Amino acid sequence: MGDKLPVTDKQISNSPEDDNDIVDPWTVISKSDAGVDYDKLIKRFGCTYIDSELIERIERISKTPIHPLIKRGIFFSHRDLHALLNMVEAGKKFYLYTGRGPSSDSMHVGHLIPFIVTKWLQEAFDVPLVIQMTDDEKTLWKNLSVEETMKMARENAKDIIALGFDVNKTFIFSNLDYMGRCAAFYQNVIRIQKCVTFNQVKGIFGFCDSDVIGKISFPAIQAAPAFSSTFPFIFGADKVPVLIPCAIDQDPYFRMTRDVSPRLGFIKPALIHSCFFPALQGAKTKMSASDVNSAVFLTDTPKQIKTKINKYAFSGGRSTLEEHRKYGGNIDVDVSYQLLRFFLYDDEKLESIKTAYANGELLSGEMKKIAVETLQPIVADHQTKRKEVTDEILNQFMTPRKLNYDFQTVIY
Ligand code: TRP
């Protein structure tokens, strides 16, 4: 088993006395069956909705039709994306940075969402990508040893690679490995740690006096890859702007990062945020790898997927057939329908399913069947692709090396 963790006081990063949903990097609990109130969250966090004008601008500049996950408002919020696009229009290249906290050997379908959009962005803008595996974070927060999380980082990286990332354009690193190999990474971590006080991280993350010191200093480690000098073998001496796709619960890390950027002479990172992927039991909370029944895993068999969705997927259907036919189902809380919003990219089909359910023609069991039949081939296909990711391929992705871009020659 893992290293023993000291008992800490309860995290207090969200004040439960107001009626806010709880959203921080470790907890997502909403007050409503329909999930987190994103209008409120955007105001509280101080970020901006992605509107149709911004979408058109992304399409115009990238010359690529927008990804359905952005069009459908699943990636719904941003920081400084217009500023980043201004730089792109002025001829500058940026890079993408995203990450994954490996807390189980297998990822679930919801974990794919940020990586699907990251891949789309990488192809649309033809930019390099760095992916941080925060095995250090997971050993600090969970009952898992250094060895266990390092192994999980490699397993999870294989799932990420299976989505089809280009090895010539992508660098994946485990913090527990890369930090010991690259002085530039640690130097940036220290630069950041020198800019942030304990009081500030307490305010941002809710740390308290009895939290282990590793937690308190960890945010600097998640911040460092947002500075291009953390990767000298990719970017040389150039200061390259970054775009970070992430779920909105990661925003506190990057508020802190944006705060310290100007002091360290870096451009503030731009961000694009997704909403949460609902647990099967309902959108009050997000799908979690630590709760087997809350999630459809990438290792599940077709039968397991069917059983889980039939048994656990929260239904927006009415209690009797007559009522359902008369009043229709509630798509806002129906998890099977929500799954389709994330994974069924045929807009017309999705719209007709939504209408049929809302007016009572389509029953809850039928909705579940559509969700099952949509997810089964996606998961099976993923499993086939993942089998092709050998240790050798993984090692290539995880080797610090020059990528297919010549940053020294880019003029800033
Ligand atoms: N903390 C994230 C998690 O637990 C992992 C992560 C590291 C990340 N860097 C990131 C996520 C950048 C998004 C963007 O999953």
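Just so you know, these numbers come straight off a predicted model, no measurement behind them.

## Side note on the overall build of the protein
In terms of regular secondary structure, the protein is built from 19 helices and eleven strands. Whereas a compact globule of 412 residues would reach a radius of gyration of roughly 22 Å, the protein reaches 21 Å, a difference of no more than 12%. Along the three orthogonal principal directions, the C-alpha set of the protein runs to about 65 × 50 × 45 Å. For the protein, the accessible surface area stands at approximately 18000 Å², while carbon and sulfur atoms represent 54% of it. Distance from the positive charge centre (51 side chains) to the negative charge centre (52 side chains) of the protein: 1 Å.

## Quick look at the site of the ligand
If you check the shell around the ligand, you find 15 residues, and the closest are Tyr97, Gly101, Glu137, Gln222 and Gln250. Gly101 places a main-chain nitrogen or oxygen 2.9 Å from an oxygen atom of the ligand. If the ligand stood free it would expose 360 Å²; the protein chains cover 91% of that surface. Residue assignment for the shell around the ligand shows that the elements contributing at least two residues are β5 (95–100), α6 (135–141) and β8 (242–247). At four residues, β5 tops the list of elements feeding residues into the shell around the ligand. Here the residues of the shell around the ligand sort into five nonpolar, seven polar and three charged.

## Observations concerning the sheet that holds strand β9 (residues 270–274)
Strand order in this open sheet of seven strands is β3-β4-β9-β8-β5-β6-β7, and the pairing throughout is mixed. If you trace the sheet from one side to the other, it starts and ends with β3 (48–49) and β7 (170–174), each paired once. Here two bridges tie β3 to strand β4 (residues 75–79), and the two strands are oriented antiparallel to one another. Pairing of Thr48 across the sheet is with His78, part of β4. In the packing of helix α7 (residues 146–161) onto the sheet, contacts are made with β5, β6 (129–133) and β7, and the angle to β6 comes to roughly 145°.

## Let's talk about the packing of helix α9 (residues 183–193) against helix α11 (residues 213–223)
Each pair of packed helices gets described by two things: the angle between the helix axes and the distance between those axes. The contact between α9 and α11 brings their axes to 8 Å, and the two run at 125°. In this view, α9 runs oblique relative to α11, as classed from their interaxial angle. The crossing of α9 and α11 is right-handed. Contacts between α9 and α11 involve Phe185, Val189, Ile192 and Gln193 on the former and, on the latter, Ser217, Ala220, Ile221 and Ala223. Looking at the contact of α9 with α11 residue by residue, the classes come out as six nonpolar, two polar and no charged.

## Structural notes on unusual backbone geometry
Phi angles above zero are rare outside glycine, and Lys63 is one such case at about 55°. Summarising the element assignment, Lys63 is placed in the loop between α2 (52–62) and α3 (68–71). The backbone phi angle of Asp80 is positive, close to 55°, even though this residue is not glycine. Examined against the element boundaries, Asp80 turns out to sit in the loop between β4 and α4 (81–89).

## Some details on the nonpolar core
One finds Ile70, Val109, Ile113, Phe125, Leu243 and Ile309 to be the most contacted residues of the largest nonpolar core, which totals 77 residues. Viewed by domain, this core spans two of them, domain 1 (9–279) and domain 2 (292–387), each represented by three or more residues. When sequence neighbours within four positions are dropped, the list of residues in contact with Phe125 reads Ile58, Ile61, Ser62, Leu85, Val88, Lys93 and Phe94. Counting 41 residues, the second largest nonpolar core, distinct from the first, contains Tyr97, Val189, Cys195 and Phe227.

## Some thoughts on the pairing of strand β11 (residues 282–286)
Bridging between strand β10 (residues 278–279) and β11 involves two bridges; their strand directions are antiparallel. Bridging across to β11, Pro278 finds its partner in Lys286.

## Remarks on the domain arrangement of the protein
The domain architecture assigned to the protein consists of domain 1 (9–279) and domain 2 (292–387). Relative to domain 2, the C-alpha centre of domain 1 lies at a distance of 29 Å. Roughly 2200 Å² of surface becomes buried between domain 1 and domain 2 when both sides are summed, with 65% attributable to carbon and sulfur atoms. Three residues, Arg72, Val109 and Ala162, lead the burial of domain 1 against domain 2; their summed loss comes to 29% of the area buried on that side.

## Let's talk about the packing of aromatic side chains
One pair of aromatic rings is described through two measures. These are the centre distance and the angle between the planes. A full pass over the atoms with the stated rule returns 34 aromatic pairs. Aromatic side chains Phe173 and Tyr178 sit 5.1 Å apart centroid to centroid with 55° between the ring planes, which places their arrangement in the tilted category. The same class applies to Phe173 as to Tyr178, namely buried. When the ring of Phe205 is compared with that of Tyr253, the centres are 5.1 Å apart and the planes differ by 50°; the resulting orientation is tilted.

## What about the packing of α11 against helix α13 (residues 251–260)?
Two elements in contact, α11 and α13, have axes whose closest approach is 9 Å; the angle formed by their N-to-C orientations is 75°. Between α11 and α13, the angle is such that the two are roughly perpendicular. Here α11 contributes Phe218, Pro219, Ala220, Gln222 and Ala223 to the contact with α13, which in turn contributes Tyr253, Phe254, Met256 and Thr257. When grouped by side-chain class, the residues that make up the contact of α11 with α13 number seven nonpolar, two polar and no charged.

What counts and how
- Residues numbered from 1 in each chain as written.
- Predicted model: local features only at pLDDT ≥ 70, side-chain atom pairs only at ≥ 80, totals over all residues.
- Heavy atoms only, no water.
- Helix = DSSP H or I, 4+ residues; strand = E, 2+ residues; numbered from the N terminus.
- Rg over C-alpha atoms; globule rule 2.2 N^0.38 Å.
- Areas by Shrake-Rupley, 256 points an atom, 1.4 Å probe, with all protein chains shown as cover.
- Lys, Arg positive; Asp, Glu negative; His and termini not counted.
- Charge placed at Lys NZ, Arg CZ, Asp CG, Glu CD.
- Near = heavy atom within 4 Å.
- Polar contact = N/O pair within 3.5 Å; in protein donor to acceptor, adjacent residues only side chain to side chain.
- Nonpolar A, V, L, I, M, F, W, Y, C, P; charged D, E, K, R; others polar.
- Pairing = 2+ DSSP bridges.
- Contact = heavy atoms within 4.5 Å.
- Axes fitted to C-alpha atoms, helices over the stretch in contact; angles between N-to-C directions.
- Parallel < 35°, antiparallel > 145°, perpendicular 65-115°, else oblique.
- Left-handed = near helix turned anticlockwise from the far one by under 90°.
- Core = buried A, V, L, I, M, F, W, Y, C linked by side-chain atoms within 4.5 Å.
- Buried < 20%, exposed > 50% of the residue type's maximum accessible area, 1.4 Å probe, protein only.
- Domains from an automatic or database assignment.
- Buried area = accessible area lost by both parts, 1.4 Å probe.
- Phe/Tyr/Trp six-rings, centres within 6.5 Å; stacked < 30°, edge-to-face > 60°.

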